[in-house]
Number of protein chains: 2
Amino acid sequence: MKLYDFPGPPSPRRVRIFLAEKGGDIEKVSVNIREGEQFSEDFKKINPNCTVPVLELDDGTCISSIDAINRYLEEIYPEPPLFGRAPEERAQINDWCHYINVNGFMAVAEALRNSAPRLAGRAITGSRNVEQIPDLAERGRQRVLYFFEDLDKQLEGHEFIVGDNYSAADIGAMVVVDFATGMVKIEMPEGLSNLKRWYQQVAARPSASA
Amino acid sequence: MKLYDFPGPPSPRRVRIFLAEKGGDIEKVSVNIREGEQFSEDFKKINPNCTVPVLELDDGTCISSIDAINRYLEEIYPEPPLFGRAPEERAQINDWCHYINVNGFMAVAEALRNSAPRLAGRAITGSRNVEQIPDLAERGRQRVLYFFEDLDKQLEGHEFIVGDNYSAADIGAMVVVDFATGMVKIEMPEGLSNLKRWYQQVAARPSASA
């Protein structure tokens, strides 16, 4: 098993944090995204969609979505469970993971990829060039603010996003917060004390620096 | 357990087909989306995001993403497995489910919701109003064509999307094809013989009419 990885961007980080929480150790191969190595012919054989990370399984199968990679890691390293301990808890974590992907992660990505000059013509990851839509960048920023509000509401009275256990939902949401406030400079609004309390707690875990 | 459901739109259909393949039987409650019942105060208590379907579990937990609902049904009705029979197969199905959601389902939804006059101010589902972006509708249509190409390539030499077993990926992709060609009138391009052969096969299953 091999993990094609690169430090900095949010997607590979979601896998590294997951793996650190599991105490798992996998051979890592660096793919220099900053120099465009993901578009090389060699890497296209590993992932025709040209995204990083990729998990290459022992049978040669290559998996590139964060969700699929982390679920596979959950099977290989079952402890501690990060996708839930019982069907009802798993259902809520899966629900929140979906929500975080669509309304958090993709909203920040829309804001960034439809505005940054260095991403002109690259508004969507993948092998095809797609032009930026400035209105979509603006909409993405607005959606991130809504996402912060929703997350704050969910965290009221909860230590973590789903109840009392740290999970894949917390990893996803923490990376979204860092992606938004760090890389895309979307400021977290005043208030939102639940969100801020939760963020301090999850960001202090040793895995957060993975 | 209760399924809040409505005939017609693609999302509830993905759950009904999944359930039909399992031979499962759940109490259904109709939420008339055409008349805006999903925005009623009563339904907001069940799902503050105002989307249908929702699966209400016996402990009162309400789950609203298709992915989380179908994974819960997989736990309740394990046979036949629709999320894979072994870790490697599950990894590929999860990977394709993600791909189909982001590049298929969301592309068609972008095309529809950013152009249809009846959805003005409702470019994204949820409790908040979001204005349409006409350029995004156009981009969505283009992305659906890319999606058809990618699916055709994946189906070369495969009976189903992941190998020889019908799975949640086939359900998702079939519903995307019907959503695109039926509701949004995006024609399937010439050629793409693998996609067309596969579509005929999956659409002929009794579950397709669920």
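Residues numbered from 1 in each chain as written. Chains lettered and ligands numbered in written order. Predicted model: local features only at pLDDT ≥ 70, side-chain atom pairs only at ≥ 80, totals over all residues.

### Description of the overall build of chain A
- On a plain count of helices and strands, chain A comes out with seven helices and four strands.
- Walking chain A from its N terminus toward its C terminus, one meets helices and strands in the order β-α-β-α-β-β-α-α-α-α-α.
- Relative to its length of 210 residues, chain A is compact, with a C-alpha radius of gyration of 17 Å against a globular reference of 17 Å.
- Across its three principal directions, the C-alpha atoms of chain A cover 50 × 40 × 25 Å.
- With 210 residues in all, chain A has 44% of them scored as buried.
- Across chain A, contacts joining residues at least 24 apart in sequence account for 64% of those joining residues at least 6 apart. (Helix = DSSP H or I, 4+ residues; strand = E, 2+ residues; numbered from the N terminus. Rg over C-alpha atoms; globule rule 2.2 N^0.38 Å. Buried ≥ 20, exposed ≤ 12 C-beta atoms within 10 Å, placed from the backbone. Contact = placed C-beta atoms within 7 Å.)

### A word on unusual backbone geometry
- That bond from Val52(B) to Pro53(B) is cis: its omega, 10°, falls within 30 degrees of zero.
- Along the chain, Pro53(B) turns up in the loop between α2 (41-46) and β3 (54-56).
- With an omega of -15°, the peptide bond running from Glu79(B) to Pro80(B) counts as cis.
- Here Pro80(B) is to be found in the loop between α3 (66-76) and α4 (87-113).
- Backbone geometry at Cys50(A) places phi at a positive 60°, although glycine is not the residue there.

### As for helix α7 (residues 193-203) of chain A
Residues and elements named next belong to chain A.
- Taken together, the buried positions of α7 are Leu-195, Trp-198 and Tyr-199. Buried residues in α7, looked at end-on, bunch into an arc of 105°, giving them a common side. Counted as exposed and oriented over 90 degrees from the buried face of α7: Ser-193, Arg-197 and Gln-200.
- If you follow the buried residues of α7, they end up packed against α5 (134-154) and α6 (168-183). (Arc of directions from axis to C-beta.)

### Examining the sheet that holds strand β2 (residues 27-30) of chain B
Residues and elements named next belong to chain B.
- The four strands are arranged β2-β1-β3-β4 in an open sheet whose pairing can be described as mixed. Single-partner strands in this sheet number two, and they are β2 and β4 (62-63).
- Pairing analysis gives two bridges linking β3 to β4, with the strands arranged antiparallel. If you follow Glu-56 over to β4, its bridge partner there is Cys-62. (Pairing = 2+ DSSP bridges.)

### Quick word on the interface of chain B and chain A
- Chain B puts 26 residues into the contact, and the matching count from chain A is 26 residues.
- Within the residue set of the side of chain B that touches chain A, elements represented by two or more residues are α3, α4 and α5 (134-154) of chain B.
- With eight residues, the top contributor of residues to the side of chain B that touches chain A is α4(B).
- Looking at side-chain class alone, the side of chain B that touches chain A contains 11 nonpolar, six polar and nine charged residues. (Nonpolar A, V, L, I, M, F, W, Y, C, P; charged D, E, K, R; others polar.)

### A word on the relation of the copies chain B and chain A
- For the match of chain B to chain A, the screw axis carries a shift of 0.0 Å, the RMSD comes to 0.0 Å, and the turn is 180°. In the structure described here, the two chain copies are related by an operation that fits a two-fold rotation axis. Measuring from the rotation axis to each C-alpha of chain B, the shortest distance belongs to Leu136(B), at 3.9 Å.
- A share of 100% of the interface residues of chain B reappears at the interface of chain A, consistent with the copies meeting face to face through the same patch. (Least-squares fit on C-alpha atoms with pLDDT ≥ 70 in both.)

### Notes on the domain arrangement of chain A
All names here are of chain A.
- When its domains are assigned, chain A resolves into domain 1 (2-76) and domain 2 (87-209).
- Inter-centroid distance (C-alpha atoms) of domain 1 to domain 2 is 20 Å.
- Of the residues lining the interface, 13 residues belong to domain 1; the matching set on domain 2 comes to 11 residues.
- Where the side of domain 1 that touches domain 2 is concerned, the elements lending two or more residues are α1 (10-22) and α3 (66-76).
- Per-element accounting of the side of domain 1 that touches domain 2 gives the leading share, seven residues, to α1. (Domains from an automatic or database assignment.)

### Here we look at the environment of Glu21(B)
Residue and element names in this part refer to chain B.
- As for its position among the elements, Glu-21 is in helix α1 (residues 10-22).
- Separated by 184 residues in the primary sequence, Glu-21 and Arg-205 have C-alpha atoms spaced 9.1 Å apart.
- Apart from the residues within four sequence positions on either side, Glu-21 is in contact with Pro-80, Leu-82 and Ser-207.

### So, the sheet that holds strand β2 (residues 27-30) of chain A
Residues and elements named next belong to chain A.
- Overall, mixed pairing links the four strands, which are arranged β2-β1-β3-β4 in an open sheet. Every other strand in the sheet has two partners, leaving β2 and β4 (62-63) as the edge strands with one partner each.
- As paired elements, strand β1 (residues 2-5) and β2 share four bridges and run parallel to each other. Paired with Lys-2 across the strands is Glu-27, a residue of β2.

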